[in-house]
Amino acid sequence: MKVHPFQIPKPLHQNLIVQVDREMVFYDKLHQHAEIQLTLIVKAKGKLIVGDSIHPFEDGDFFVIGPHSPHLFKNDSTDEMAHRISLFFTETTFGESFFELPDLEELHPLFNVSKEGFQVLGDTKDIQNAMKQLPNLQKLERFICFFNLLKNLCYADKKTLTNFVSSKKMGSSQGERMQTIFDYVVTHFQNEINLDTVSSKVHMTPNAFCKFFKQHTNKTFFQFLIELRIEHACQLLNRADDQNSILEISEQSGFSSISNFNRQFKKLKGVIPSRFAAQHKKSN
């Protein structure tokens, strides 16, 4: 499988590409494409890896993935079908200079922030409704809905997905190596992982592996691993009906020491795990 380039299938005589995924497992290979991707998670829980960062997702979450940004959606395994709706487009979808029209200058900041990608925060009801309508609309209606969607995104509260935007596209061999690394880490993060093991998966020495990983994510491998483990812990803590203790959640997230778990959690989230859980229950 070639990670780069990944071609988004374009229907004949259509500029906007709408894709509906209903499956047990989302396409979970690291990939990048020229299009900006708008994705609504209709029904699924899991983790989004994009650029150098990991973000949990659940029902109703909405993400914008920047062009040429390596990413993958890894949904949790359940007995139910996962469901998402995505819209793909580029700044030249309607012609080289279409979005440069003075009438559309209100949208220019949106394209700038889209390069890093973002998640929409707060009330996403209007955005969800628009995305759910798109697959069933005819061309003109879809065009109008698309611009209403962009207008809503301009003024929505946003959280940046990644501050690391590579200056060049990822080649096939590089992408395949990163895919192998992510596959291994996402599958084994709950267990002990050492540099010798993970570097051997991509036939590199530990030193070469560390340089390669830092070059493509702008962070160390263990920084990435800790962030993945902490995001997994957040998902467990966010489940109000989950009776697991902090110690159990620590162990299920790959930490062998509760003190290290508390320290790393506070470093990334600003509060200790028990406080994070209490705040979440209050907000619900």
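Everything below is about the structure shown above.
Residues numbered from 1 in each chain as written. Predicted model: local features only at pLDDT ≥ 70, side-chain atom pairs only at ≥ 80, totals over all residues. Heavy atoms only, no water.

Caption draft 1: Spotlight on empty space enclosed by the protein. All chains considered together, the criterion is met by one cavity of 30 Å³ or more. Taken as a whole, the largest cavity spans an internal volume of roughly 40 Å³. If you go around the largest cavity, the residues you meet are Ile-36, Leu-38, Val-64, Phe-89, Leu-110, Phe-111, Ser-114, Phe-118, Leu-150 and Leu-153. Elements represented by at least two residues in the lining of the largest cavity include exactly strand E2 (36–43), helix H1 (108–114) and helix H3 (139–155). When residues in the lining of the largest cavity are grouped by element, the largest group, three residues, is from H1. Here the lining of the largest cavity is composed, by residue class, of nine nonpolar, one polar and no charged. (1 Å grid on protein atoms, 1.4 Å probe; cavity = no way out; pocket = protein on both sides within 12 Å on 5 of 7 lines; lining within 4 Å. Points joined across faces, edges and corners; volume = space filled by probe spheres on them. Helix = DSSP H or I, 4+ residues; strand = E, 2+ residues; numbered from the N terminus. Nonpolar A, V, L, I, M, F, W, Y, C, P; charged D, E, K, R; others polar.)

Caption draft 2: Representation of the layout of surface pockets. Within this model, the largest pocket holds a volume of roughly 690 Å³. Forming the walls of the largest pocket are 24 residues, and the residues nearest its centre are Pro-56, Glu-231, Cys-234, Asn-238 and Phe-276. Of all the secondary structure elements, the ones that give two or more residues to the lining of the largest pocket are strand E4 (53–57), helix H7 (221–238), helix H9 (258–269) and helix H10 (273–283). Broken down by element, the lining of the largest pocket gets its largest block of residues, six residues, from H7. When the residues that make up the lining of the largest pocket are grouped by side-chain class, the tally is eight nonpolar, eight polar and eight charged.

Caption draft 3: Broad picture of the packing of aromatic side chains. Scanning the entire structure with this criterion turns up 26 aromatic pairs. Measuring from centroid to centroid gives 4.9 Å for Phe-89 and Phe-146, while their planes differ by 75 degrees, and the two rings are edge-to-face. In this pair, Phe-89 is assigned in strand E7 (residues 82–89) and Phe-146 in helix H3, connecting sequence segments 57 residues apart. Each member of the pair Phe-89 and Phe-146 is classed as buried. Measuring from centroid to centroid gives 5.3 Å for Phe-265 and Phe-276, while their planes differ by 75 degrees, and the two rings are edge-to-face. Of this pair, Phe-265 sits in helix H9 while Phe-276 sits in helix H10, placing them 11 residues apart in sequence. Here the aromatic cluster, defined as three or more aromatic residues joined through ring pairs, consists of Phe-89, Phe-94, Phe-98, Phe-99, Phe-111, Phe-143, Phe-146 and Phe-147. Lying across the ring of Phe-118, Lys-158 places its NZ or CZ 5.5 Å from the centre. Directly above the aromatic system of Phe-212 lies the positively charged group of Arg-177, at a separation of 5.9 Å from the ring centroid. (Phe/Tyr/Trp six-rings, centres within 6.5 Å; stacked < 30°, edge-to-face > 60°. Buried < 20%, exposed > 50% of the residue type's maximum accessible area, 1.4 Å probe, protein only. Lys NZ or Arg CZ within 6 Å of the ring centre and 35° of its normal.)

Caption draft 4: Spotlight on H7. The end-to-end C-alpha distance of H7 is 26 Å, a good match for the 26 Å that 18 residues give at a rise of 1.5 Å each. With 14 of its 18 residues buried, H7 lies for the most part within the structure. (Expected span 1.5 Å × (residues − 1).)

Caption draft 5: Quick peek at the sheet that holds strand E6 (residues 71–75). Taken in spatial order, the three strands of this open sheet run E4-E3-E6, and their pairing is antiparallel. Where the open sheet ends on each side, the last strands, each with one partner, are E4 and E6. Direction aside, neighbouring strands of the sheet carry axes that sit 20 degrees apart on average. Here five bridges tie strand E3 (residues 46–50) to E4, and the two strands are oriented antiparallel to one another. Bridge pairing in E4 links Ile-49 to Ile-54. Contacts from H7 reach E3 and E4 within the one sheet, and its direction differs from that of E4 by about 15 degrees. (Pairing = 2+ DSSP bridges. Axes fitted to C-alpha atoms, helices over the stretch in contact; angles between N-to-C directions. Contact = heavy atoms within 4.5 Å.)

Caption draft 6: View of the pattern of salt bridges. In the structure shown here, the tally under the stated rule is five salt bridges. The partner of Lys-43 in a salt bridge is Asp-59, and the shortest N-O contact between them spans 4.0 Å. Remark: Asp-59 occurs in the loop between E4 and strand E5 (62–65) and Lys-43 occurs in strand E2; sequence separation between them is 16 residues. Residue classification places Asp-59 among the partly exposed positions, given a relative accessible area of 36%. A salt bridge links Glu-80 to Lys-43; the nearest nitrogen and oxygen atoms lie 3.8 Å apart. Placement of the pair is Glu-80 in the loop between E6 and E7 and Lys-43 in strand E2, with a sequence separation of 37 residues. (Salt bridge = Lys/Arg side-chain N within 4 Å of Asp/Glu carboxyl O.)

All quantities given are derived from atomic positions and should not be read as evidence of function.
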